[in-house]
Amino acid sequence: MAYETILVDKRDHVLLITLNRSSALNALNAQMMGEISAALAEADGDPRIGASVVTGSERAFAAGADIKEMAELSFPQSFVEDYAASYEAIAQTRKPIIAAVAGYALGGGCELAMMCDIIIAADTAKFGQPEITLGIIPGIGGTQRLVHAVGKAKAMDLVLTGRMMEAEEAESAGLVARVVPVDDLLDTALDAAEKIGEMSNAATMMAKEAVNRAFEVPLAEGLRFERRAFQSLFATEDQKEGMEAFIEKRSAQFKQR
Ligand code: HXC
């Protein structure tokens, strides 16, 4: 598929998606969100791809949903067309996604990063939910996923004041997995994605689903889900290969079956 707002680079095991509206600080319009969803769906359907990386420019991962596109939106349009609901498709992607964030990740940009599974931030990254300054509130997870990530105290602070949080604060708050110098950002994210991509896809997809369950269901249900997923992986050739390789003291060659 040809994309206009993103660049897509298929590598060994990894799909790299680069947001490409740098003149608007990668503001997320409907076309771009649709293209990100489509590229991630392509990754889900391609057995050679095990993980994706979503990144922006050095100045901005994404400075939010496109304010110019939203400015004239009416309530009926927003409600009936459910403007923001289609963006949830990104969070439904089954293979792991790493957000590699430099510069601004604001509003929908912060929410897009939170729809990914791991956020790796450059030391230049700034996270925030400034929607309140526009007379609205976050619409694609900023009042929900942010609470899971950083707790109520900091989420309330960010959502109600609209202030930005630097990478270091985001890491100590639990939003970000690692902070690296900006020049190392993409390599670090690609290395991590490559490592994930070389694992058994069935195992990484189940691991992602199981961890996400922790946010959706009570503990007993989550533990039951984890156990069933764990048990089912013994039906894969990759489990046999992984354990045989350990016993034979060699590295595993997963066949993604
Ligand atoms: C549309 C945007 C934009 C946005 C930046 N631009 N953010 N366009 N939507 N969210 C455009 C600017 O209009 C400008 O275009 C160009 O990008 C450069 O931006 P500047 O403001 O000139 O840069 P700077 O002074 O460095 O300030 C950077 C900034 C600021 C602090 C990030 O741009 C900013 O505050 N942006 C908006 C952040 C925001 O409120 N995000 C939340 C959006 S609501 P021109 O043409 O003038 O050069 C949201 C809702 C999510 O995300 C829910 C969705 C369903």
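Residues numbered from 1 in each chain as written. Predicted model: local features only at pLDDT ≥ 70, side-chain atom pairs only at ≥ 80, totals over all residues. Heavy atoms only, no water.

So, about the side chain of T5. Secondary-structure assignment places T5 in the segment before strand 1 (6–10). A relative accessible area of 5% means that T5 is categorised as buried. Engagement of the side chain of T5 in a polar contact is seen with the side chain of E35, the distance being 2.7 Å. (Helix = DSSP H or I, 4+ residues; strand = E, 2+ residues; numbered from the N terminus. Buried < 20%, exposed > 50% of the residue type's maximum accessible area, 1.4 Å probe, protein only. Polar contact = N/O pair within 3.5 Å; in protein donor to acceptor, adjacent residues only side chain to side chain.)

Before going further, it helps to examine the sheet that holds strand 7 (residues 118–122). Hydrogen bonds between backbone atoms are what pair the strands of a sheet, whose relative direction is either parallel or antiparallel. Read from one edge to the other, the open sheet built from 6 strands follows the order 1-2-3-5-7-10, with strand pairing classed as mixed. Strands at the two margins of the open sheet, each flanked by one partner only, are strand 1 and strand 10 (178–180). Taken over all neighbouring pairs, the strand axes of this sheet differ in orientation by 20 degrees on average, direction set aside. Bridge analysis of strand 2 (residues 13–19) against strand 3 (residues 49–55) gives 6 bridges, and the strand direction is parallel. Its bridge partner lying in strand 3, L16 is registered against V53. Along the sheet, helix 8 (residues 185–198) contacts strand 2, strand 3, strand 5 (97–101), strand 7 and strand 10; its crossing angle with strand 3, the most-contacted strand, is approximately 160 degrees. (Pairing = 2+ DSSP bridges. Axes fitted to C-alpha atoms, helices over the stretch in contact; angles between N-to-C directions. Contact = heavy atoms within 4.5 Å.)

To continue, consider helix 8. For helix 8, built from 14 residues, the straight-helix expectation of 20 Å at 1.5 Å per residue is met to within 8% by its first-to-last C-alpha distance of 20 Å. Those residues of helix 8 not exposed but buried are L185, T188, A189, L190, A192, A193, I196 and G197. Tucked inside the fold, the buried residues of helix 8 contact strand 2, strand 3, strand 5, strand 7, strand 10 and helix 9 (201–213). (Expected span 1.5 Å × (residues − 1).)

For strand 5, the tally of buried residues reaches 5 of 5 residues, placing the bulk of the element in the interior. Here strand 5 shows a buried face lined by I97, A99 and V101 and a second buried face lined by I98 and A100. Where strand 3 lies against strand 5, 4 bridges are found, and the strand directions are parallel. Considered in strand 5, the bridge of T55 is made with A100.

We now examine the environment of L219. Following the sequence through the fold, L219 ends up in helix 10 (residues 219–232). Residue L219 is classed as exposed on the basis of its relative accessible area, which comes to 65%. Distance in space between the C-alpha atoms of L219 and T124 is 37 Å, their sequence separation being 95 residues.

Attention shifts here to a negative patch on the surface. A contiguous patch of negative charge on the surface is contributed by E58, D123, D183, D184, D187 and D191. Along the polypeptide, D191 turns up in helix 8. (Patch = residues over 30% accessible without salt bridge, like charges linked within 9 Å, V, L, I, M, F, W, Y side chains within 5 Å. Areas by Shrake-Rupley, 256 points an atom, 1.4 Å probe, with all protein chains shown as cover. Salt bridge = Lys/Arg side-chain N within 4 Å of Asp/Glu carboxyl O. Lys, Arg positive; Asp, Glu negative; His and termini not counted. Charge placed at Lys NZ, Arg CZ, Asp CG, Glu CD.)

Before going further, it helps to examine the site of the ligand. Around the ligand sit 24 residues in total, of which R59, A63, A65, I67 and G108 are the nearest. Between the ligand and I67, the relevant distance is 2.9 Å, taken from a nitrogen atom to a main-chain nitrogen or oxygen of the residue. G108 places a polar main-chain atom, nitrogen or oxygen, 2.8 Å from an oxygen atom of the ligand. When the free accessible area of the ligand is taken as 1,000 Å², the share hidden by the protein chains comes to 67%. Of all elements in the fold, only helix 2 (67–70), strand 6 (104–106) and helix 5 (108–115) reach the threshold of two or more residues within the shell around the ligand. Class assignment of the residues belonging to the shell around the ligand gives a composition of 14 nonpolar, 5 polar and 5 charged. (Near = heavy atom within 4 Å. Nonpolar A, V, L, I, M, F, W, Y, C, P; charged D, E, K, R; others polar.)

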